[in-house]
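Working through the structure, step by step
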Amino acid sequence: MIQLDSVTKTYPDGTVAVDHLDLAVRRGELVALVGPSGCGKSTTLRLVNRLIEPTSGRIRINGDDVTHVDAVNLRRHIGYVIQRIGLFPHLTVAANVAVVPDLLGWDKRRTRERVQEMLRLVGLEPKTYAERYPAELSGGQQQRVGVARGLAADPPVLLMDEPFGAVDPIARDHLQSEFRRIQNELHKTVLFVTHDIDEAVRLADRIVVLSTGAHVEQFADPATVLGAPANDFVADFVGADRGLRRLAVTPIDPLDLEHPPTALWNDPATEARQLIGDAFEPYAVVIDEAGRLRGWVSARSIASGQGTVGDHTRRFDETVQVGDSLRRGLGEIVQHDAGWLPVVDGDRYLGVLTPTAVWAALRRTAPS
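Reading guide: rules and limits
All residue numbers refer to positions counted from 1 along the written sequence of the respective chain. Given that this is a predicted model, residues contribute local features only at a pLDDT of at least 70 and side-chain atom pairs are listed and counted only at 80 or more, while totals for whole chains, interfaces and linings are drawn from all residues. Excluding hydrogens and water, the side-chain figures rest on all heavy atoms present in the structure. In plain words, nonpolar cores are sets of buried Ala, Val, Leu, Ile, Met, Phe, Trp, Tyr and Cys residues tied together by side-chain atoms within 4.5 Å. Only protein chains enter the area calculation, which uses a 1.4 Å probe; residues under 20% of their type maximum are buried, those over 50% are exposed, and those in between are partly exposed. Here, two residues are considered to be in contact whenever any of their heavy atoms come within 4.5 Å of each other. By definition, a salt bridge exists where a carboxyl oxygen of Asp or Glu is found within 4 Å of a side-chain nitrogen of Lys or Arg. What counts as a helix is a DSSP run of H or I of at least four residues, what counts as a strand is a run of E of at least two, and both are numbered from the N terminus. Note that the arc is defined by the directions from the helix axis to the C-beta atoms. The way it works is a 1 Å grid over only the protein atoms, where trapped points that fit a 1.4 Å probe form a cavity and open points with protein on both sides within 12 Å along at least five of seven lines form a pocket, and then any residue with an atom within 4 Å of a point lines it. Grid points are joined across faces, edges and corners, and a volume is the space filled by probe spheres set on the points. All amino acids are sorted into three groups, where Ala, Val, Leu, Ile, Met, Phe, Trp, Tyr, Cys and Pro are nonpolar, Asp, Glu, Lys and Arg are charged, and the leftover types, Gly among them, are polar. Between rings of Phe, Tyr and Trp, where Trp is taken as its six-membered ring, a pair exists when centres lie within 6.5 Å; planes separated by under 30 degrees are stacked, by over 60 edge-to-face, and by other angles tilted. Note on criteria: charge over ring means Lys NZ or Arg CZ within 6 Å of the ring centre, with the direction from the centre no more than 35 degrees off the ring normal.

1. Overview of the nonpolar core
- Among the nonpolar cores identified, the biggest contains 45 residues, and Val 97, Val 147, Met 160, Phe 164, Phe 179 and Ile 207 are the most heavily contacted of them.
- In this structure, Val 147 is in contact with Val 81, Val 122, Met 160, Phe 164 and Phe 179, ignoring residues within four places of it in sequence.

Put into structure tokens, the structure is as follows:
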């Protein structure tokens, strides 16, 4: 979808910001550009929509060479979201989102409907926010408007230059989650610049690690970049704690779960007491006849042996879904000071996640 063929940018003073860069971004893919300050990340992004003109090389979008087309018209068909947001302070939120559709000559009804659709997509109710001005919004809300504006004309390509870097950590985390949700829904082709490797790992399908002159040191999926750095430069950039970062991109798999005894909800309590007595750990997971998770019982809670298992069952404080990240699973274990955590598929019980299982999963999924 986006193809850079030997693209170079040399400034009049001889500085080579981008040196013969070859890069291909597939349709519907989010690719993150990371690297140290001054390596050419943002310059590369601006070359794509020709805010900066390349010295040499070709840029193709959807197979068309855009190196020599009208740059203004090109930009109207590429979404662009930046860290400083760039909202027009004298325009309402609705008018800011409508800027590109207006430039493209959309009729008023179509533009109004699109503005409302985009505001809802980014979690801003039009009745509440459409007529406000940027100064009346928080930083996170302004950034949401920036994303809505970038998507308003339904561009096939979206360029994002550290879009969440200027907001506080809580808002940043929420914006990242919302954008991942939007991307899962819209499948835009996104080139995303960030200085934060954790953000790249969380959002990107593939990561490009750049060194000076936009030299590609590694271009791979997050798990590979973290688990098998291509060289010392990449290893140093992603950090010594890259193993921990892999928790965020490694999903919980049924293969990694442990299986303590299970007791049926309606069984006599004496049967559960026998199960627990024969087990290594003094507890059992309680399910119903359909395999749905109901809770757990311990040796102490069921000591009397009276009634059914359900009479002694305690509910779990938290569960995780199969496919959630190991990071989320381990986080819940630590937060609740638990030795294990049940994993479900919908409401069907699959097994339990333990710290030992997390470690085994990381070893199993380490790139060879």
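That shown, we press on.
2. Focus on the pattern of salt bridges
- This structure, assessed with the given rule, holds 22 salt bridges.
- The shortest N-O distance in the salt bridge between Glu 113 and Arg 109 comes to 3.2 Å. Residue Glu 113 and its partner Arg 109 are located together in helix H5 (residues 108-121), separated by four residues, close to a single helical turn.
- Take Arg 109: its relative accessible area is 57%, and that puts it in the exposed class.
- Ionic pairing is found between Arg 348 and Asp 345, a salt bridge with its closest N-O pair at 3.6 Å.
- Under the relative-accessibility criterion, Arg 348 is labelled partly exposed at 40%.
- A single network of salt bridges, built from pairs that share partners, joins Arg 114, Glu 117, Asp 154 and Lys 188.

3. Focus on helix H14 (residues 326-335)
- Taken together, the buried positions of H14 are occupied by Leu 326, Gly 329, Glu 332 and Ile 333. Mapping the buried residues of H14 onto a view down its axis gives an arc of 130°, with all of them on the same face. Those residues of H14 that are exposed and angled more than 90 degrees off the buried face are Arg 327, Val 334 and Gln 335.
- Elements in contact with the buried residues of H14: strand E14 (320-321), strand E15 (341-345), strand E16 (348-353) and helix H15 (355-365).
- The first or second residue beyond H14 is Asp 337, which carries a positive phi of 50°.

4. Brief notes about the layout of surface pockets
- Space inside the largest pocket adds up to approximately 460 Å³.
- Counting residues per element, the ones that place at least two in the lining of the largest pocket are helix H2 (71-75), strand E6 (78-82), helix H4 (99-103) and helix H7 (139-151).
- Looking at the lining of the largest pocket residue by residue, the class counts come to 13 nonpolar, five polar and three charged.
- The volume enclosed by the second largest pocket comes to roughly 380 Å³.
- What lines the second largest pocket is a set of 18 residues, among which Asp 198, Val 201, Arg 202, Leu 203 and Ala 248 lie closest to the centre.
- For the lining of the second largest pocket, the secondary structure elements donating two or more residues are helix H8 (169-186) and helix H9 (197-203).
- By residue class, the composition of the lining of the second largest pocket is seven nonpolar, two polar and nine charged.

5. Section: the environment of Val 352
- Here Val 352 shows up in strand E16.
- Between the C-alpha atom of Val 352 and that of Arg 50, which follows or precedes it by 302 residues, the distance is 52 Å.
- The contact partners of Val 352, leaving out residues within four places of it in the chain, are Leu 257, Glu 258, Pro 260, Tyr 283, Val 285, Trp 340, Leu 341, Pro 342 and Val 343.

6. Description of the packing of aromatic side chains
- Within this structure, the stated rule accounts for six aromatic pairs.
- Residues Tyr 283 and Trp 340 carry aromatic rings whose centres are separated by 4.1 Å and whose planes lie at 5° to one another, so their mutual orientation is stacked. With Tyr 283 in strand E12 (residues 283-287) and Trp 340 in the loop between H14 and E15, the pair connects residues that are 57 residues apart, well separated along the chain.
- On the basis of relative accessible area, Trp 340 is assigned to the buried category, the value being 16%.
- Here the basic side chain of Arg 110 rests over the ring of Trp 106, its NZ or CZ set 3.6 Å away from the ring centre.
- Sitting over the face of the ring of Trp 265, Arg 294 holds its NZ or CZ atom 3.9 Å from the ring centroid.

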